[in-house]
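Listed here are the chains, written in short residue letters.
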Amino acid sequence: AGGTLQATWTGIKLVTNSVEFHPDGDLLASGGADRKVRLWDVERGKEIRSLSGPPGEIFRLAFSRDGKRLASAGEGHAVRLWSVRK
């Protein structure tokens, strides 16, 4: 619990506070200090989509059980929901 994860995929470095696998396991969502939620193709290790997060740093991510929605929680108790289409 706590801390940060330093992730490097395809030469992109970013400080990440939260990662969450899609229920199917083929997508990974990451969020952190850059105020963006990024969706990654797990097999290729490449970013496939970037979403503008809540104002401020992102601390927590969660997919819905059916994998159709993604929630992020950030600085100042900001929460944002997205539809996730693969």
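In this report, we go over the structure that sits alongside the text. (Residues numbered from 1 in each chain as written. Predicted model: local features only at pLDDT ≥ 70, side-chain atom pairs only at ≥ 80, totals over all residues. Heavy atoms only, no water.)

A short note on the sheet that holds strand β8 (residues 78–83)
Strand pairs in the sheet, formed through backbone hydrogen bonds, run parallel or antiparallel to each other.
Part 1 of the argument: Ordered in space as β6-β7-β8, the three strands form an open sheet in which the pairing is antiparallel. Each of the sheet's edge strands pairs with one partner strand only, and the pair in question is β6 (58–63) and β8. Neighbour-to-neighbour, the strand axes of the sheet open up by a mean angle of 20°, direction not taken into account. (Pairing = 2+ DSSP bridges. Helix = DSSP H or I, 4+ residues; strand = E, 2+ residues; numbered from the N terminus. Axes fitted to C-alpha atoms, helices over the stretch in contact; angles between N-to-C directions.)

Observations regarding the environment of lysine 36
Part 1 of the argument: Structurally, the position occupied by lysine 36 is in strand β4 (residues 36–41).
Part 2 of the argument: Once the C-alpha coordinates of lysine 36 and leucine 51 are considered, the two residues, 15 residues apart in sequence, prove to be 5.6 Å apart.

Considerations on the pairing of strand β5 (residues 46–52)
Part 1 of the argument: Both β4 and β5 contribute to a ladder of six bridges, which runs antiparallel. Opposite aspartate 41, over in β5, you have lysine 46 as the bridge partner.
Part 2 of the argument: Counted between consecutive antiparallel strands, the loop separating β4 from β5 contains four residues, among which glycine 45 sits at a positive phi close to 70°.

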